[in-house]
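Summary of the model geometry
Here's the letter readout for the chains.
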Amino acid sequence: FPPPTSQNVPRHLVDGRKHSSELGVDHKQHQLPPRTVAENEDKSSQRDRCFWYGCPRYPPELTAALNQTLLNAFQTNTIDPEVISKEPFASETFAMLTQQGKSHTENQDRALFLSPFRIGIRDTGKEEVESPLSFLAAIFDGHGVLGHLVAQEVVEQFPERLATNLRNAVDTVLATVKASGGKTIDRNDAAIIAALNETFIQVNNEGSPKTFLLGGCTASVAFRYGSKLYVANAGDSQTILVSVATNTNNKGNPPFTTNVEFMTRKDKPFEEDEKARIERMGGKIHVKPDHPREARVVVHSEAAKDTIALAMSRSLGDWEWKEVGVTAEPIVSVIDLTNPTYKNANLFLIAASDGMWDVRRREFFAHQLAVGFDFWDGSIPSAADATIKSINNVKMPSNLKLRPIFKLHDIVQRVTPKTQTGYRDDITAVIVQV
């Protein structure tokens, strides 16, 4: 794995230890940390929770207290730049939030962001090569009785498993392989694809039996290494890649345009390839005549003592469904960021649970969240999109610090109904400048 080089890269790709929420938030009150931190560890190590592969960060729960903190910070723009949080959930180039749906007694979503991702991959003739151009962003949306515990276990185990597999995979992969319809991919791609696949399978197979029999979770994972972005998906959470272009002639045109360049597929039983695999393994798919896209994989669960219909064709956990073709193996896509399409483009990604994607179109989120990033050297486009509509359409000041978190917070507020009507899912999102 040759060390990638690049200029003008987002700050989070260079030094992940200097991220800061700079908001003065009580993180112990809002954070959803892994539950494996030993009680006898030093307090500072509990705050840092750094490992050999880096320092995972987790989204805070959008409680009433955190909501008010964010509103006050935006309205006054009095964030102290010298305050560096030990548990950052935002910087100038990334942000993440999670909000429990009112239909749930537990928030079943989990997520993480890790940059740099210190995988230390071995290279021929060298001890190690560590890339500063690396990050890991992931969403895990739980379902079932113990879905929140499955998602919690996965978010704890996934990054170390992937880092370990990335270090080992390169030694066992041939220089070239045939994949994806016969196209030749290079050694790096093959090793990373193999490591991602192996990690999904391992985390699934090594789960706690009681938990993984009574619950499952999706996994949408984006891993950047140098000039490549690798996206692995299992389930109906999704990751999209967005390009942002400034219109030089604003007369009669919006000041900027966005385009969804890539999106992962929702893995559903109605898809022909998924349906064929499940039926080949003896699985039963229930299809509503009037709503064929709402197909379900039906299993009589011995663990739950009930007949349960699963709404996806790939997942982690859901062990009884694995016997009938619901696989933990992800679909992995490779995006070459040196492609001429992206050469001069401003890019960011959104990874989110279906609680967010199901309420508005992807294009809406792409366009709205674009102004959360400083693609215009501090000069925010003079458009309605540059306002915080959930706070009386207040325009974002040009010197606003940590714009990503304020815009993400605004969007979460806007897509959350003020009154409960029908089913309301958990919403979790990670946005990252690429």
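Values in this document were obtained by computation on a predicted structure and should not be read as measured data. (Residues numbered from 1 in each chain as written. Predicted model: local features only at pLDDT ≥ 70, side-chain atom pairs only at ≥ 80, totals over all residues. Heavy atoms only, no water.)

Re unusual backbone geometry
Peptide bonds are, in most cases, trans, and in most cases residues other than glycine have a negative phi. Cis geometry marks the peptide bond from Ser 115 to Pro 116, where omega comes out at -5°. As for its placement among the helices and strands, Pro 116 is situated in the loop between strand 2 (109–114) and strand 3 (121–123). The residue Lys 305 is not glycine, and still its phi comes out positive at about 55°. Structurally, the position occupied by Lys 305 is in the loop between strand 14 (291–301) and strand 15 (306–310). In this structure Lys 305 comes out as exposed when scored by relative accessible area, which is 62%. Non-glycine residue Asp 318 carries a positive phi angle of around 50°. Of note, Asp 318 is situated in the loop between strand 16 (316–317) and helix 8 (319–322). (Helix = DSSP H or I, 4+ residues; strand = E, 2+ residues; numbered from the N terminus. Buried < 20%, exposed > 50% of the residue type's maximum accessible area, 1.4 Å probe, protein only.)

Quick word on the layout of surface pockets
In this structure, the largest pocket encloses a volume near 860 Å³. Of all the secondary-structure elements, those providing two or more residues to the lining of the largest pocket are helix 3 (64–76), strand 14, helix 9 (354–357) and helix 11 (403–415). It is strand 14 that contributes the most residues to the lining of the largest pocket, three residues altogether. (1 Å grid on protein atoms, 1.4 Å probe; cavity = no way out; pocket = protein on both sides within 12 Å on 5 of 7 lines; lining within 4 Å. Points joined across faces, edges and corners; volume = space filled by probe spheres on them.)

Quick notes on the state of the cysteines
Summed over all chains, the structure comprises one disulfide. The disulfide partner of Cys 50 is Cys 55, and the gap between their sulfur atoms is 1.9 Å. With the S-S bond torsion at 105°, the cross-link from Cys 50 to Cys 55 turns out right-handed. Take Cys 50: its relative accessible area is 30%, and that puts it in the partly exposed class. Classification of Cys 55 by relative accessible area gives buried; the value is 6%. (Disulfide = S-S within 2.5 Å.)

Focus on the confidence of the model for the chain
When the pLDDT values of the chain are averaged, the result is 80; 72% of them are 70 or greater. Within the model, the stretch residues 122–130 combines pLDDT values under 50 with 20 contacts to residues more than four positions away or in other chains. Low pLDDT, under 50, characterises residues 173–182; the predicted model gives this stretch 16 contacts beyond four residues in sequence or across chains. (pLDDT = per-residue confidence, 0-100. Contact = heavy atoms within 4.5 Å.)

Quick notes on the packing of aromatic side chains
Here the structure, examined in full by the defined rule, presents 16 aromatic pairs. Centroid distance Phe 117 to Phe 223: 5.7 Å. Interplanar angle 85°. Geometry classified as edge-to-face. With Phe 117 in the loop between strand 2 and strand 3 and Phe 223 in strand 9 (residues 219–225), this pair connects stretches of sequence that are 106 residues apart. Since its relative accessible area comes to 1%, Phe 117 is described here as buried. For Phe 223, a relative accessible area of 0% puts it in the buried group. Aromatic ring contacts, followed pair by pair, group Phe 51, Trp 52, Tyr 53, Phe 117, Phe 223, Tyr 225 and Tyr 230 into a single cluster. (Phe/Tyr/Trp six-rings, centres within 6.5 Å; stacked < 30°, edge-to-face > 60°.)

Brief notes about the sheet that holds strand 14
Within the open sheet, the three strands sit side by side as 13-14-15. Their pairing is antiparallel. Strand pairing shows two members of the sheet lacking a second neighbour, strand 13 (284–288) and strand 15, which therefore form its edges. Across the sheet, the mean angle separating the axes of adjacent strands is 35° when strand polarity is ignored. Direction of pairing for strand 13 relative to strand 14: antiparallel, over a ladder of four bridges. Across the sheet, residue Lys 288 finds its bridge partner in strand 14, namely His 291. (Pairing = 2+ DSSP bridges. Axes fitted to C-alpha atoms, helices over the stretch in contact; angles between N-to-C directions.)

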